[in-house]
Amino acid sequence: MQFLFKLRSKGVTDKRTLTAMEKTDRALFVRGHFADRAYEDMPLPISCGQTISQPSVVGLMTQALNVQPRDKVLEVGTGSGYQAMILSHLARRVYTVDRYKRLVTEARAIFDAADITNITAFTADGSHGLPDQAPFDRILVTAAAEDPPGPLLAQLRIGGIMVVPVGQSDAVQSLIRVTRTDTGFDYDELRPVRFVPLLEGIGQD
Ligand code: SAH
């Protein structure tokens, strides 16, 4: 309860987002050393030198994405799998990709143990999207790009929404919401954030 209260106080007010986050136990995704800090509103280290994002930022991104029950969603940056599991409670199907095989394998094991059947996790360079599964109703990028990647814009359905942190990796980035219209793209700047960079290619770990 305290966890939800904290999320609300940081601006996560959308009821469906809060319900999906209530169903998704963050402690499943944080192991070892940091397990007892799973309910604190801070990013924490996971395998492969990556991080599980801060819960309030996960909530704000999820609510900005405004996922509908029939939606097919792409997440770039599986990391721990926490964000993907939250999305799985809101969408029809979630595709999630990470450049580290080890993270994908660990996340899949958590999804299986929780009997979540609408997430497909792949090892891939997500900056190219997933052309075979496109178009997507929603795309969420959880690593910072210098610009919204062209292939991801191209794989967004008309009327679709993409949320992506944009900016240089060592500086403060801006969370951007891109909406695809009949004629182009509308951009809204939501808030400053700090994410690990979107890197090219497959990771070696
Ligand atoms: N959404 C995650 C946190 C993501 S951390 C969670 O809920 O825990 C960012 C992740 O993006 C890292 O795991 C990193 O490996 C991944 N990443 C960075 N560049 C990528 C790329 N080009 N394709 C796929 N994944 C990428």
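In this report, the structure presented in the accompanying data block is examined. (Residues numbered from 1 in each chain as written. Predicted model: local features only at pLDDT ≥ 70, side-chain atom pairs only at ≥ 80, totals over all residues. Heavy atoms only, no water.)

1. Focus: the side chain of Arg26
Applicable threshold: Numbering of helices and strands runs from the N terminus; a helix is a DSSP stretch of H or I covering at least four residues, while a strand is a stretch of E covering at least two. Residue burial is assigned from relative accessible area. The probe radius is 1.4 Å, only protein chains are included, and a residue is buried under 20% of its type maximum, exposed over 50%, and partly exposed in between. Charge convention: Lys and Arg are scored as positive, Asp and Glu as negative, and His as well as the terminal groups of each chain are ignored. Should a side-chain nitrogen of Lys or Arg be within 4 Å of a carboxyl oxygen of Asp or Glu, the pair is scored as a salt bridge. Counted as a polar contact is a pair of N or O atoms within 3.5 Å, where, for protein atoms, one must be capable of donating a hydrogen and the other of accepting one, and residues adjacent in sequence contribute only when both atoms are in side chains. In this analysis, two residues are considered to be in contact whenever any of their non-hydrogen atoms come within 4.5 Å of each other.
If you trace the backbone, Arg26 turns up in the loop between α2 (15-22) and β1 (44-45). The buried charged residue Arg26 lacks any salt bridge partner; its closest oppositely charged side chain belongs to Asp41, at an N-O distance of 6.7 Å. For Arg26, the side chain forms a polar contact with the main-chain oxygen of Met42, separated by 2.8 Å. Sequence-distant contacts of Arg26, that is, excluding residues within four places in its chain, are made with Arg37, Ala38, Tyr39, Glu40, Met42, Pro43, Leu44, Ile52, Ser53, Gln54, Pro55 and Tyr82.

2. Quick look at the pattern of salt bridges
This model, assessed by the stated rule, comprises seven salt bridges. Measuring nitrogen to oxygen at the nearest pair gives 3.6 Å for the salt bridge that ties Arg37 to Glu40. Exposure remark for Arg37: the relative accessible area of 33% places this residue in the partly exposed category. Residues Asp137 and Arg157 are paired through a salt bridge, measuring 2.8 Å at the closest nitrogen-oxygen approach. Residue Asp137 is found in strand β6 (residues 136-141), and its partner Arg157 is found in strand β7 (residues 156-166); the two are separated by 20 residues along the sequence. Asp137 gets classed as buried once you look at its relative accessible area, which sits at 13%.

3. Structural notes on the nonpolar core
Applicable threshold: Take the buried residues of types Ala, Val, Leu, Ile, Met, Phe, Trp, Tyr and Cys, join any two whose side-chain atoms come within 4.5 Å, and each joined set is a nonpolar core.
In this structure, Leu65, Tyr82, Phe111 and Val163 are the most contacted members of the largest nonpolar core, which totals 46 residues. Elements with a contribution of two residues or more to this core: α1 (2-9), α2, α3 (55-65), α4 (82-88), α5 (101-113), β5 (119-123) and β7. No other element matches α3, which puts six residues into this core. Contact partners of Phe111, with chain neighbours within four places excluded, come to Phe29, Gly81, Ala84, Met85, Ile116, Ile119 and Ala121. Counting 17 residues, the second-largest nonpolar core is a separate cluster that includes Val76, Tyr95, Val164 and Val166.

4. What to know about the site of the ligand
The test is simple: Any residue with a heavy atom lying within 4 Å of a molecule or strand is counted as near it. Here the accessible surface of atoms and residues is derived via Shrake-Rupley with a 1.4 Å probe, and residues count as covered only by protein chains that are part of the display. Classification convention: Asp, Glu, Lys, Arg as charged; Ala, Val, Leu, Ile, Met, Phe, Trp, Tyr, Cys, Pro as nonpolar; all other residues, Gly among them, as polar.
In the vicinity of the ligand lie 28 residues, with Ser80, Asp98, Asp125, Gly126 and Leu199 positioned nearest. One of the backbone N or O atoms of Gly77 is found 2.9 Å from a nitrogen atom in the ligand. Burial of the ligand by the protein amounts to 99% of the accessible area it has alone, namely 590 Å². Of all the secondary structure elements, the ones that give two or more residues to the shell around the ligand are β2 (51-52), β3 (72-76), α4 and β4 (93-98). Of the residues belonging to the shell around the ligand, the class tally is twelve nonpolar, twelve polar and four charged.

5. Overview of the sheet that holds β5
This is how the line gets drawn: Two strands are said to pair when DSSP picks up at least two bridges between them. Inter-axis angles, ranging from 0 to 180 degrees, are taken between N-to-C directions of lines fitted to C-alpha atoms, where helices are fitted over the stretch in contact.
If you walk across this open sheet you meet the seven strands as β5-β4-β3-β6-β7-β8-β9, and the pairing is mixed. Every other strand in the sheet has two partners, leaving β5 and β9 (185-193) as the edge strands with one partner each. Adjacent strand axes in the sheet meet at a mean angle of 15° when their direction is disregarded. Bridge count for strand β8 (residues 173-180) against β9 is eight bridges, and the pairing is antiparallel. What sits directly across from Gln173, in β9, is Val193. Lying on the sheet, α3 is in contact with β3, β6, β7, β8 and β9; it crosses β7 at an angle near 160°.

6. Considering the packing of α1 against α2
The condition is simple: A crossing counts as left-handed when the near helix is turned anticlockwise from the far one by less than a right angle, and as right-handed when that turn is clockwise.
Interhelical geometry of α1 versus α2 gives an angle of 145° and a closest axis separation of 11 Å. For the element pair α1 and α2, the recorded crossing hand is right-handed. From α1, Leu4, Leu7 and Arg8 reach across to α2, where they touch Leu18, Met21 and Glu22. Classifying every residue of the contact of α1 with α2 by side-chain character gives four nonpolar, no polar and two charged.

7. Some details on the pairing of β5
For clarity, the threshold we go by: Crossover handedness is defined here as right-handed if the route from the first strand over the helix to the second strand goes clockwise, with the strands pointing away from the viewer.
Across five bridges, the pairing between β4 and β5 is parallel. Across the sheet, the residue bridging to Asp98 is Thr123, located in β5. Regarding topology, α5 serves as the crossover connection from β4 to the parallel β5, and that connection is right-handed.

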